[in-house]
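# Overview (structure and organization)
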Amino acid sequence: MNQTIDLELNVTTEQGLRALAEEGHTVEVLCKADPERKGPSWYGLWIMRTVGSDGQEKILVTARTRVTQNAIRVREFKTATGVISFLVGVGFSQASIPMKNGEMTSHRLVSD
């Protein structure tokens, strides 16, 4: 008895996140640890996910690991500058960053 199981992972790489954002998915930034100011910079822990119009979520993971090795790692941003740089690189003209553990901000690409 051979059965094929289609398994859709709820993760995406940077390239996948860009494509989903261009298709209209919302990109959410989630704060996982209260940021601390050290000099002129803010250090904390943020992750990102996309949410489609159907409510399906995909968490951003690193592309350096392989799915076949069961070694998927959530991509973590440890500075506010890193979050801003990533969002601008995706194509957002503004970046909103949550500054308390458990908070979330949403971003959506504006089509011209």
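Quick look at the structure, then.

## Some words on the overall build of the protein
Along the protein, the regular secondary structure elements total two helices and six strands. For the protein, the α and β elements follow one another from N to C terminus as β-α-β-β-β-β-α-β. At a minimum sequence separation of 6, the contacts of the protein that also span at least 24 residues come to 58%. As presented, the protein carries roughly 7700 Å² of accessible surface, and 46% of it is formed by carbon and sulfur atoms.

## Some remarks on the side chain of Thr50
In this fold, Thr50 is placed in strand 3 (residues 41-51). Once residues within four sequence positions are removed from consideration, Thr50 is found in contact with Leu17, Leu20, His25, Thr26, Val27, Gln56, Glu57 and Lys58.

## Quick notes on the nonpolar core
As a rule of thumb, soluble globular proteins bury nonpolar side chains together. By size, the foremost hydrophobic cluster in this structure holds 16 residues, and its most contacted members are Val27, Trp46, Met48, Phe77, Val83, Phe86 and Leu87. Every element with two or more residues in this core is listed here: helix 1 (14-22), strand 2 (26-38), strand 3 and helix 2 (80-90). With five residues, the top contributor of residues to this core is helix 2.

## A short note on the packing of aromatic side chains
The description of an aromatic ring pair rests on the distance of the ring centres and on the angle between the ring planes. For the coordinates displayed, the defined rule picks out one aromatic pair. Over the ring of Tyr43 we find Lys38; its NZ or CZ atom is 5.2 Å from the centre of that ring.

## Thoughts on the pairing of strand 3
Alignment of strand 2 against strand 3, held across ten bridges, turns out to be antiparallel. Counterpart to Glu28 in the pairing with strand 3 is Arg49. Here three bridges tie strand 3 to strand 4 (residues 57-60), and the two strands are oriented antiparallel to one another. Across the sheet, the residue bridging to Thr50 is Lys58, located in strand 4.

## Focus on the packing of helix 1 against helix 2
Where helix 1 meets helix 2, the axes come as close as 10 Å, and the angle between the chain directions of the two elements is 55 degrees. Here helix 1 lies oblique to helix 2, going by the angle between them. Of helix 2, the residues touching helix 1 (which contributes Glu14, Leu17, Arg18 and Ala21) are Phe86, Gly89 and Val90. Considering only residue class, the contact of helix 1 with helix 2 consists of four nonpolar, one polar and two charged.

## Here's the deal with the environment of Lys78
Position of Lys78 among the secondary structure elements: in strand 5 (residues 77-79). The class for Lys78 is exposed, based on a relative accessible area of 52%. Sequence separation of Lys78 and Tyr43 is 35 residues, and the distance between their C-alpha atoms is 5.6 Å. Here Lys78 is in contact with Trp42, Tyr43, Gly44, Leu45 and Trp46, once residues within four sequence places are set aside.

## Looking at helix 1
Because an α-helix completes one turn every 3.6 residues, residues spaced three or four positions apart along the sequence face the same direction. Among the residues of helix 1, those classed as buried are Leu17, Leu20 and Ala21. Down the axis of helix 1, the buried set is contained in an arc of 100 degrees. They therefore lie on one face. Of the residues in helix 1, the exposed ones pointing more than 90 degrees away from the buried face are Gln15 and Glu22. Summarising the contacts, the buried residues of helix 1 are in contact with strand 1 (11-12), strand 2, strand 3, strand 4 and helix 2. One or two steps after helix 1, the chain reaches Gly24, where phi turns positive at roughly 110 degrees.

Quick notes on the rules
- Residues numbered from 1 in each chain as written.
- Predicted model: local features only at pLDDT ≥ 70, side-chain atom pairs only at ≥ 80, totals over all residues.
- Heavy atoms only, no water.
- Helix = DSSP H or I, 4+ residues; strand = E, 2+ residues; numbered from the N terminus.
- Contact = heavy atoms within 4.5 Å.
- Areas by Shrake-Rupley, 256 points an atom, 1.4 Å probe, with all protein chains shown as cover.
- Core = buried A, V, L, I, M, F, W, Y, C linked by side-chain atoms within 4.5 Å.
- Buried < 20%, exposed > 50% of the residue type's maximum accessible area, 1.4 Å probe, protein only.
- Phe/Tyr/Trp six-rings, centres within 6.5 Å; stacked < 30°, edge-to-face > 60°.
- Lys NZ or Arg CZ within 6 Å of the ring centre and 35° of its normal.
- Pairing = 2+ DSSP bridges.
- Axes fitted to C-alpha atoms, helices over the stretch in contact; angles between N-to-C directions.
- Parallel < 35°, antiparallel > 145°, perpendicular 65-115°, else oblique.
- Nonpolar A, V, L, I, M, F, W, Y, C, P; charged D, E, K, R; others polar.
- Arc of directions from axis to C-beta.

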